[in-house]
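Architecture at a glance
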Amino acid sequence: LDPGNWSRADGGPLYLQLAEKLSEAVSQGLLAPGSPLPPEREIAAMTGLSRVTVRKAIGRLVEDGLVIQKQGSGSFVAPPAPRLEQSLSRLTSFTEDMARRGLSTTTLWLDRGIYIPSPDEVVALGLSSDASVARLARLRLADGRPMAIERAALPLDILPDPGAVEVSLYGTLAEAGLRPVRALQRISAINLGRDDATTLEVEPGTAGLRIERTSYLADGRVAEFTRSLYRGDAYNFVAELRLAR
Ligand code: 16G
């Protein structure tokens, strides 16, 4: 935030440049969630920018939901969004999970089409050597908050037309009488690479969860093989454990 770092020539209005710098400080953890922002006049003194510019920058962060203002006590970095509690014993879809919580689902398509399967898709889906595969890659958002990137692969006899999936994959499958009834899920920790981190709106290298789900139909056929990357700060996964006998 040093003075002298600010000029119009290179990068748009000064207040937006300042807003950008402050939001970087938040995503890099220099300004912790819930902590107070320095007062306007301090930021103005630090940066050499006018108080009007500082006020506009903070106003922008408030609009973006990164900063909250409390009457009489100033501006604070918004507290982290609460984690969602997700059961590990029920086979549900993203759309169902969010609807149950009263959250809206948005899906951003990253890819959707018919491909030659990769060797691990051939194995996971038990495909014959000449079969193609339907792939769906999506960013899933809950109330506008990016939660997960999901990359699903399905045999074409389960999903002949990937374009038919508008919102819910399980919804589309259920309409065809092909709702999965059982799944195996594997969870591991990862550090998100640059592209996936950018899509999930976190810094590259941030902790994430890699979740692989292979789901099955009632007749035993494999329905889907999905590899998902979840934001590490978005969920608590909950399982009930019982004494083994
Ligand atoms: C869940 C599943 C994913 C499935 C999707 C269907 C995990 C880790 N993944 O997100 O495998 O494809 O639901 O959701 O739980 P949809 O019906 O909303 O498309």
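Scroll up a little and you will see the structure.
Residues numbered from 1 in each chain as written. Predicted model: local features only at pLDDT ≥ 70, side-chain atom pairs only at ≥ 80, totals over all residues. Heavy atoms only, no water.

1. Overview of the overall build of the chain
From N to C terminus, the chain includes eight helices and ten strands. In terms of overall dimensions, the chain has C-alpha extents of about 70 × 50 × 30 Å along its principal axes. For the chain, buried positions account for 39% of its 245 residues. Residue pairs at least 24 apart in sequence account for 59% of intrachain contacts in the chain once pairs closer than 6 positions are excluded. Summed over its atoms, the accessible surface of the chain is roughly 13,800 Å², and 52% of this surface lies on carbon and sulfur atoms. Separation between the mean location of the 29 positive side-chain charges and that of the 30 negative ones in the chain comes to 5 Å. (Helix = DSSP H or I, 4+ residues; strand = E, 2+ residues; numbered from the N terminus. Buried < 20%, exposed > 50% of the residue type's maximum accessible area, 1.4 Å probe, protein only. Contact = heavy atoms within 4.5 Å. Areas by Shrake-Rupley, 256 points an atom, 1.4 Å probe, with all protein chains shown as cover. Lys, Arg positive; Asp, Glu negative; His and termini not counted. Charge placed at Lys NZ, Arg CZ, Asp CG, Glu CD.)

2. Concerning the pattern of salt bridges
Within this structure, the stated rule accounts for 16 salt bridges. Ionic pairing is found between Glu121 and Arg227, a salt bridge with its closest N-O pair at 3.6 Å. Here Glu121 is found in helix H6 (residues 119–125), whereas its partner Arg227 is found in strand S9 (residues 222–231), with 106 residues between them in sequence. Given a relative accessible area of 22%, Arg227 falls into the partly exposed group. When the shortest N-O distance is used, the salt bridge between Arg221 and Asp157 registers 3.7 Å. In this pair, Arg221 sits in the loop between strand S8 (207–216) and S9 while Asp157 sits in the loop between strand S6 (145–155) and helix H7 (169–175), placing the two residues 64 residues apart along the sequence. Judged by its relative accessible area of 34%, Arg221 is partly exposed. One continuous salt-bridge network, built from bridges that share partners, spans Asp120, Glu121, Arg135 and Arg227. (Salt bridge = Lys/Arg side-chain N within 4 Å of Asp/Glu carboxyl O.)

3. Focus on the site of the ligand
Near the ligand you find 16 residues, and of these Thr95, Glu150, Ser168, Leu169 and Arg213 are the closest. Measuring from an oxygen atom of the ligand, one finds a side-chain N or O atom of Arg140 at 2.9 Å. Within the side chain of Glu150, one N or O atom sits 2.3 Å away from an oxygen atom of the ligand. Contact with the protein chains removes 97% of the 450 Å² of surface that the ligand exposes when unbound. When atom positions are compared with the pocket grids, the ligand is found to occupy the second largest pocket. Going through the elements one at a time, helix H5 (94–100), strand S5 (133–142), H7, S8 and S9 are the ones with two or more residues in the shell around the ligand. Residues belonging to the shell around the ligand are distributed by class as follows: six nonpolar, five polar and five charged. (Near = heavy atom within 4 Å. Polar contact = N/O pair within 3.5 Å; in protein donor to acceptor, adjacent residues only side chain to side chain. 1 Å grid on protein atoms, 1.4 Å probe; cavity = no way out; pocket = protein on both sides within 12 Å on 5 of 7 lines; lining within 4 Å. Sits in = over half its atoms within 2 Å of the grid points. Nonpolar A, V, L, I, M, F, W, Y, C, P; charged D, E, K, R; others polar.)

4. Here's the deal with the layout of surface pockets
Empty space within the largest pocket amounts to approximately 980 Å³. If you go around the largest pocket, you meet 26 residues; those closest to its centre are Val26, Ser27, Leu66, Glu201 and Arg231. Of all elements in the fold, only helix H2 (14–27), S6 and helix H8 (194–199) reach the threshold of two or more residues within the lining of the largest pocket. If you tally residues by element for the lining of the largest pocket, the top one is H2, at five residues. Both domains that furnish three or more residues to the lining of the largest pocket are identified here as domain 1 (8–77) and domain 2 (84–238). Around the second largest pocket, the lining is made up of 31 residues, and of these Leu91, Thr92, Tyr170, Gln185 and Arg213 lie nearest the centre. Classifying every residue of the lining of the second largest pocket by side-chain character gives twelve nonpolar, ten polar and nine charged. (Points joined across faces, edges and corners; volume = space filled by probe spheres on them. Domains from an automatic or database assignment.)

5. Digging into the packing of helix H3 (residues 40–47) against helix H4 (residues 51–63)
Contact pair H3 / H4: the axes reach a minimum separation of 9 Å and the direction vectors enclose 115°. Both H3 and H4 take part in a crossing whose hand is right-handed. Judged by residue contacts, Glu40, Arg41, Ile43 and Ala44 of H3 engage Arg51, Val54, Arg55 and Ile58 from H4. Its residues assigned to classes, the contact of H3 with H4 comprises four nonpolar, no polar and four charged. (Axes fitted to C-alpha atoms, helices over the stretch in contact; angles between N-to-C directions. Left-handed = near helix turned anticlockwise from the far one by under 90°.)

6. Let's talk about the sheet that holds strand S7 (residues 182–191)
The strand order across the open sheet built from six strands is S4-S5-S6-S9-S8-S7, with neighbouring strands paired in antiparallel fashion. In this open sheet, the two edge strands, each paired with only one partner strand, are strand S4 (105–115) and S7. Within the sheet, the average angular offset between the axes of one strand and its neighbour, ignoring direction, is 15°. Examined bridge by bridge, S6 and S9 share six bridges and lie antiparallel to one another. Residue pairing across strands places Arg151 opposite Arg227, the latter belonging to S9. (Pairing = 2+ DSSP bridges.)

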